[in-house]
Amino acid sequence: MALRNDRAVQAARDIELQEIEDGYTLVGGPEEAVTEQHDTDRIPEVDVDQEMLSNTGDDPESWLMYGGNYEQHRATPADVITPENVSDLELEYELSVGTGSSMEGTPIVVPGDPPVMYQTNGPNHMKAIDPREGEVLWSYTYAPPIGVELCCDDNNRGAAVLGDKVYMTTLDSGVIALDRYTGEEVWHTSTADHEEGYSATWAPVIRDGTLYTGSAGGEYGVLGFVAALDAESGEMQWQTDTLPEDEWVGASREHGCGTTWMTPTIDEERGVLYTAVANPGPDFDGTVRPGPNFPTCGTISLDLESGEWEWGFQSSPHDVWDYDAVAPRVLVRDVDVEGESMDIVAGSDKTGWVYMLDAESGQLHERSEEICQHINMWEMIPHISEDERIPFVPGAPGGNDWQPPSYNPETGLVYVIHQNYPQDLYWRYEEFSEGNPYWGGNLDDPASEFPDEWNESITAFAAVDPATGERVWREWIESEEERYMWGGSLSTATGLVFNGTQNGTFVAYDGESGERLWEHEFDVPISASPMSWYDPDEEKQYVAVQVGGSGWLRQGPRGDTLAVFSMDA
Amino acid sequence: MTVAEQRDLATALGVDTPGDGTVTWELLAGQIEPRSDSAFASRGEAIRADLAGRLDQELLERERENIADEIRRLSDVRDVGVPDEPSGLYTDVAAPGWRLYDHLLEVNFFESLDENLPRFTADHIETTARELLLADPLSSSLDDVGFDESEKTALLLDVANNDERLARWVPSNQIPDGVEFETETVPPLHQRAMGGALLWIRGLDRHLWQNEVMITDEILDDAVRYVKAMLGGLFVTATAACDLAGDGQFTDEQLTAALTAGSAVQIVSQEELLHSVFYIRDDMRAPSELR
């Protein structure tokens with residue numbers, strides 16, 4: 001069936017992203033969710049179990065969660081594609097997803113005959129795909145309610161799978177569970193009230209029958225949390241607020257934000273999760289929320305069973321630059337540091353550095369060499385007067401925004417994407433007069449004047465050694481249209497690293513040296529992170545990436561493509 | 001303090017800078033003319049009326065003395081260097097301040113200050129600095145807890161030279177509706193000043209311990225320097241609160257000035273701490289031992 005006759009695709013197209021004063025809302029669209037079935041018989045009914053989830057990082061045939069494994073290495077053990085033969089990598093097919101919206105997601109693949117890919121994109125649209133043929137087996141669009149508030153775009157970054165179900169978060173701060181064989185709704189759980197500004201855009205993660213999800217709405221004065229749901233029933237198991245009461249002055253905590261808007265990292269050995277914590281609220285006026293605003297713009301660790309607090313670390317205390325920490329934390333085990341072994345949680349943050357934290361204690365093992373430039377870093381308060389503004393780097397998108405790093409087991413390095421573009425932040429201080437805006441803050445992108453020290457490169461892709469924080473190599477990536485680089489990378493067991501740029505270039509790097517070994521050009525930006533799997537019946541390794549512009553600033557033109565590359569074994 | 005800052009302070013107070021440029025509390029106090037300010041007086045009177053009978057004099061005097069002890073032992077705290085656990089060293093320093101804070105919260109002290117004290121504007125700040133200089137009980141108390149002449153002058157500087165920065169801290173009941181955030185949950189200004197300062201002091205344990213690989217002696221020196229200033233501000237507020245609760249030696253103008261100044265010092269020094277100790281740029285950090 002052609003996608004133009006697919007009612008779920010049509011429903012997604014009907015949902016319009018409309019600009020409002022503080023961001024976006026969704027209008028149009030179906031009153032009820034839509035499932036369109038094309039060929040559901042093709043889906044092998046073999047439930048995904050916990051053993052498969054725990055081992056997916058070592059299984060070249062599967063990619064069962066957003067981050068590739070619980071540690072979020074985004075690394076495939078498939079070894080058909082090597083530095084020596086990657087120049088022969090070819091496009092197998094391009095599938096038009098048909099919805100013309102945000103394309104920031106990473107698909108997952110359940111092994112079988114055929115394998116089944118679950119792929120999501122905005123607005124809350126999912127497809128089950130036969131990835132051998134590039135054919136849609138079923139598609140689904142969630143019906144968002146009226147009044148959703150979105151800061152940035154109608155994103156959905158991926159699915160999670162367990163048993164006979166597949167899951168995604170919904171833009172109204174919920175989680176939907178679908179029968180993964182038929183695409184029909186099983187349950188929906190709301191984790192918070194979207195009318196208060198909460199939403200959800202990330203891929204959830206499941207472990208031991210529990211689905212873990214976070215919170216979004218840091219521009220709307222929400223209170224951030226992490227939640228655990230029973231994956232079978234959708235029932236809430238626990239919900240932990242990210243902001244401890246005794247770390248905030250009085251009621252300033254109630255709208256203190258500290259959301260957790262990307263996929264948590266699971267440490268099966270310690271029985272904890274690690275997640276980044278975003279900006280405090282209000283974003284730019286720190287005087288109404290004094291103190292460090294712990295643990296915003298940082299990393300926290302919570303117990304998987306109870307949601308209880310383990311530790312927290314901040315990369316930008318009392319932040320007024322929107323320096324969220326958000327990119328998924330990467331857990332690197334058994335890092336050799338001067339003869340001793342330690343587990344490290346690597347957080348690549350908007351502040352422009354990568355933080356290597358001791359997974360046990362939350363202490364900083366080391367902070368990396370800088371990835372982007374630092375110009376007038378942290379200099380805005382208090383040294384400005386009402387007419388003054390200075391440009392600063394990193395700007396509010398970072399550094400590292402949500403773009404997931406990858407960890408390559410072959411090279412032992414972590415690969416990160418950082419923006420590097422001057423913005424202005426200023427306070428509009430005015431004498432109070434009734435009925436007029438008083439003061440607040442605002443951002444100008446770009447800065448009104450570019451600092452002399454800026455190197456004119458808008459983005460960087462870099463490799464960092466987690467043992468020492470050494471920046472082993474860095475490639476400055478420029479963009480004539482001045483777009484940010486908005487996807488994330490994929491590492492392979494053979495030492496390759498794939499990354500898609502804002503110029504539409506999909507690159508395979510030698511992970512050791514940073515040399516570009518292969519490129520493929522698309523017409524529109526890549527704003528998503530690739531993934532890979534091996535199909536033993538086809539005897540091929542595949543690499544898949546979603547293509548299309550997305551983001552809250554400088555996104556570039558939309559695209560509609562799931563591109564799949566392959567190489568014969 | 002730079003020469004320029006000292007000169008600015010003297011100019012702000014209408015005092016001639018001496019030839020060698022050195023401006024001290026003593027010098028300024030000797031040259032300031034008393035000036036009756038009825039607005040300040042009436043505010044002080046209103047606060048006395050508001051809080052009469054609610055303050056626990058014994059608690060206030062005890063914790064004021066405890067804060068003084070913490071100020072006196074700061075050099076021992078500095079000698080420890082980086083704390084060896086995420087809670088303990090600086091947490092103890094903050095403890096009497098928290099007990100003071102909790103009591104003041106209970107009796108709605110901060111609400112009363114927001115209602116009755118002047119907002120931070122250039123004129124009010126200048127008056128505050130003048131009145132502080134003339135408040136002998138306050139000056140000698142600061143001497144007693146170990147603020148030397150230059151440290152006392154630095155406190156004064158915090159108050160007098162930062163009117164633009166202080167003006168951003170607005171009493172909660174004066175933040176109008178046009179701002180982009182919810183105003184009802186903003187705590188009173190004077191609660192924010194003190195609560196914020198105490199959170200920073202306590203937070204030093206975790207921050208220094210976690211970031212040990214980047215911490216230098218200079219950062220530790222600055223930590224103690226600004227903790228001392230914050231405690232100094234707390235001590236000034238506590239002294240004024242004791243006066244309110246007890247024998248009322250301050251004039252009403254002096255009372256207004258002391259309460260305003262106490263908060264101003266807490267505000268300015270917590271922002272300085274943030275920049276010197278918490279925001280660690282590459283040019284400030286200890287070099288990596290691993291690369």
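Because the structure is a prediction, the values reported are computed rather than measured.

The next point concerns the overall build of chain B. Check the secondary structure of chain B and you find 14 helices and 0 strands. Its helices and strands in sequence order give chain B the pattern α-α-α-α-α-α-α-α-α-α-α-α-α-α, from N to C terminus. Its C-alpha atoms give chain B principal-axis dimensions of about 65 × 50 × 45 Å. Scored against the burial criterion, the 291 residues of chain B give a buried share of 60%. Long-range pairs, those at least 24 residues apart, make up 82% of the contacts in chain B between residues at least 6 apart in sequence. For chain B, the accessible surface area stands at approximately 11100 Å², while carbon and sulfur atoms represent 43% of it. Between the averaged position of the 24 positive side-chain charges in chain B and that of its 57 negative side-chain charges there is a distance of 3 Å.

What follows concerns the pattern of salt bridges. Opposite charge on two side chains permits them to pair, given that their charged atoms come into close proximity. Under the definition given, this model contains 49 salt bridges over all chains. Two residues, E71 of chain A and R333 of chain A, come together in a salt bridge whose shortest N-O distance is 3.6 Å. Separated by 262 residues along the polypeptide, E71 of chain A in the loop between α2 (50-55) and β4 (75-76) and R333 of chain A in strand β22 (residues 330-337) bring together distant segments of the chain. Take R333 of chain A: its relative accessible area is 18%, and that puts it in the buried class. The partner of R72 of chain B in a salt bridge is D69 of chain B, with the nearest N and O atoms 2.9 Å apart. Of this pair, R72 of chain B and D69 of chain B both sit in helix α4 (residues 57-72), 3 residues apart, which is roughly one turn of that helix. Judged by its relative accessible area of 37%, D69 of chain B falls in the partly exposed class.

Here we come to the nonpolar core. Counting 115 residues, the largest nonpolar core has L28, Y90, F109, L204, L208 and L231 of chain B as the members making the most contacts within it. For this core, the element with the highest residue contribution is helix α13 (residues 217-245) of chain B, accounting for 17 residues. In this structure, F109 of chain B is in contact with L51, L55, L104, T237, A241, L244 and L259 of chain B, ignoring residues within four places of it in sequence. Membership of the second largest hydrophobic core comes to 82 residues, among which are A78, Y167, A231 and L490 of chain A.

A covalent bond bridging the sulfur atoms of two cysteines is what the word disulfide describes. Residue and element names in this part refer to chain A. All told, the structure shown has 1 disulfide over all chains when counted by the stated rule. The side chain of C151 participates in a disulfide bridge whose partner is C152; the two sulfur atoms lie 2.0 Å from each other. Torsion about the S-S bond of the C151 and C152 cystine: about -95°, corresponding to left-handed handedness. Free cysteine: C297, not disulfide-bonded; nearest cysteine sulfur from C257 at 10 Å. Look at C297 and you get buried, because its relative accessible area is 0%.

Now for the interface of chain A and chain B. Facing 57 residues of chain A, the contacting portion of chain B comprises 45 residues. A buried area of about 4500 Å², summed over both sides, lies between chain A and chain B, and 59% of it is on carbon and sulfur atoms. Scanning the region where chain A abuts chain B turns up 4 salt bridges. In this structure, D282 of chain B and R367 of chain A form a salt bridge, with 2.9 Å as the shortest nitrogen-oxygen distance. Our count for the contact surface shared by chain A and chain B stands at 19 residue pairs in polar contact (both at pLDDT 80 or more).

Within the fold, S316 of chain A resides in the loop between β21 (309-314) and β22. In this structure the side chain of S316 of chain A is engaged in a polar contact, spanning 2.7 Å, whose partner is the side chain of D319 of chain A. Among the polar contacts made by the side chain of S316 of chain A, one reaches the side chain of W378 of chain A at a distance of 3.1 Å. Aside from chain neighbours lying at most four places away, what touches S316 of chain A is T296, C297, Y323, T351 and W378 of chain A together with Y279 of chain B.

A word on a negative patch on the surface. On the surface, D41, E45, D47, D49 and E51 of chain A cluster together into a patch of negative charge. By the element assignment, E51 of chain A lies in helix α2.

It is worth spelling out unusual backbone geometry at this point. Residues and elements named next belong to chain A. Cis geometry marks the peptide bond from F294 to P295, where omega comes out at 0°. Assignment of secondary structure puts P295 in the loop between β19 (272-277) and β20 (298-303). A positive phi is found at D322, a non-glycine position, where the angle reads about 65°. You can see D322 is positioned in the loop between β21 and β22. When its relative accessible area of 7% is taken as the criterion, D322 is described as buried.

It is worth spelling out empty space enclosed by the protein at this point. All chains considered together, the criterion is met by 8 cavities of 30 Å³ or more. Each pocket or cavity is described by its volume, and for the largest cavity that value is around 180 Å³. Lining the largest cavity are 17 residues, and of these Q314 and P317 of chain A together with H207, N211 and F278 of chain B sit closest to its centre. Residue assignment for the lining of the largest cavity shows that the elements contributing at least two residues are β21 of chain A together with α12 (189-210) of chain B. Examining the composition of the lining of the largest cavity, we find that 4 residues originate from one element, α12 of chain B, more than from any other. Residue classes in the lining of the largest cavity are distributed as 9 nonpolar, 6 polar and 2 charged.

A few words now on the sheet that holds strand β31 (residues 459-464) of chain A. Residue and element names in this part refer to chain A. Taken in spatial order, the 4 strands line up as β27-β28-β31-β32 in an open sheet, and their pairing is antiparallel. Across the chains shown, the open sheet's two edge strands, defined by having one partner strand only, are β27 (406-408) and β32 (471-477). The average undirected angle you get between the axes of adjacent strands in this sheet is 20°. Of the strand pairs in this sheet, β27 and strand β28 (residues 413-419) are connected by 3 bridges, and their pairing is antiparallel. Following the sheet pairing, N408 is matched in β28 by L413.

Bringing helix α7 (residues 109-116) of chain B into the picture now. All names here are of chain B. Of all 8 residues that make up α7, 6 are buried, and the element is covered over most of its length. All of the buried residues along α7 are F109, F110, S112, L113, D114 and N116. Where α7 is buried, its residues touch α3 (38-51), α6 (89-106), α12, α13 and α14 (252-278).

With that settled, the discussion passes to the packing of aromatic side chains. Here the structure, examined in full by the defined rule, presents 32 aromatic pairs over all chains. The structure contains a cluster of three or more aromatic residues connected by ring pairs, namely W321, Y323, W353 and W378 of chain A together with Y279 of chain B. It is R74 of chain A that lies over the ring of Y66 of chain A; its NZ or CZ is 4.5 Å from the centre.

Further remarks concern the environment of P397 of chain A. All names here are of chain A. Tracing the chain through its elements places P397 in the loop between β26 (390-392) and β27. Assessed through its relative accessible area of 1%, P397 is described here as buried. As a C-alpha pair, P397 and E482 span 85 residues in sequence and 13 Å in three-dimensional space. The residues contacting P397, other than those within four sequence positions of it, are K350, Q419, Q423, Y484, W486, W552 and L553.

The next point concerns α4 of chain B. Residue and element names in this part refer to chain B. Between its terminal C-alpha atoms α4 stretches 22 Å, which fits the 22 Å expected from 16 residues at 1.5 Å a residue. All of the buried residues along α4 are L59, L60, E63, R64, I67, A68, E70 and I71. As for α4, its buried residues are in contact with α5 (74-80), α6, α9 (136-144) and α13. The N-cap of α4, judged by a side-chain oxygen 3.1 Å from the amide nitrogen of E58 a few residues on, is D56.

All names here are of chain B. Where α4 contacts α13, the axes come no closer than 9 Å and their chain directions differ by 160°. Of the possible angle classes, the one that applies to α4 and α13 is roughly antiparallel. Crossing geometry of α4 relative to α13 is assigned as left-handed. The residues of α13 that touch α4, namely those facing Q57, L60, E61, R64, I67, A68, E70 and I71, are K228, L231, G232, L234, F235, A238, T239, A241, C242 and A245. When grouped by side-chain class, the residues that make up the contact of α4 with α13 number 11 nonpolar, 3 polar and 4 charged.

Reading guide: rules and limits
Residues numbered from 1 in each chain as written. Chains lettered and ligands numbered in written order. Predicted model: local features only at pLDDT ≥ 70, side-chain atom pairs only at ≥ 80, totals over all residues. Heavy atoms only, no water. Helix = DSSP H or I, 4+ residues; strand = E, 2+ residues; numbered from the N terminus. Buried < 20%, exposed > 50% of the residue type's maximum accessible area, 1.4 Å probe, protein only. Contact = heavy atoms within 4.5 Å. Areas by Shrake-Rupley, 256 points an atom, 1.4 Å probe, with all protein chains shown as cover. Lys, Arg positive; Asp, Glu negative; His and termini not counted. Charge placed at Lys NZ, Arg CZ, Asp CG, Glu CD. Salt bridge = Lys/Arg side-chain N within 4 Å of Asp/Glu carboxyl O. Core = buried A, V, L, I, M, F, W, Y, C linked by side-chain atoms within 4.5 Å. Disulfide = S-S within 2.5 Å. Buried area = accessible area lost by both parts, 1.4 Å probe. Polar contact = N/O pair within 3.5 Å; in protein donor to acceptor, adjacent residues only side chain to side chain. Patch = residues over 30% accessible without salt bridge, like charges linked within 9 Å, V, L, I, M, F, W, Y side chains within 5 Å. 1 Å grid on protein atoms, 1.4 Å probe; cavity = no way out; pocket = protein on both sides within 12 Å on 5 of 7 lines; lining within 4 Å. Points joined across faces, edges and corners; volume = space filled by probe spheres on them. Nonpolar A, V, L, I, M, F, W, Y, C, P; charged D, E, K, R; others polar. Pairing = 2+ DSSP bridges. Axes fitted to C-alpha atoms, helices over the stretch in contact; angles between N-to-C directions. Phe/Tyr/Trp six-rings, centres within 6.5 Å; stacked < 30°, edge-to-face > 60°. Lys NZ or Arg CZ within 6 Å of the ring centre and 35° of its normal. Expected span 1.5 Å × (residues − 1). Parallel < 35°, antiparallel > 145°, perpendicular 65-115°, else oblique. Left-handed = near helix turned anticlockwise from the far one by under 90°.

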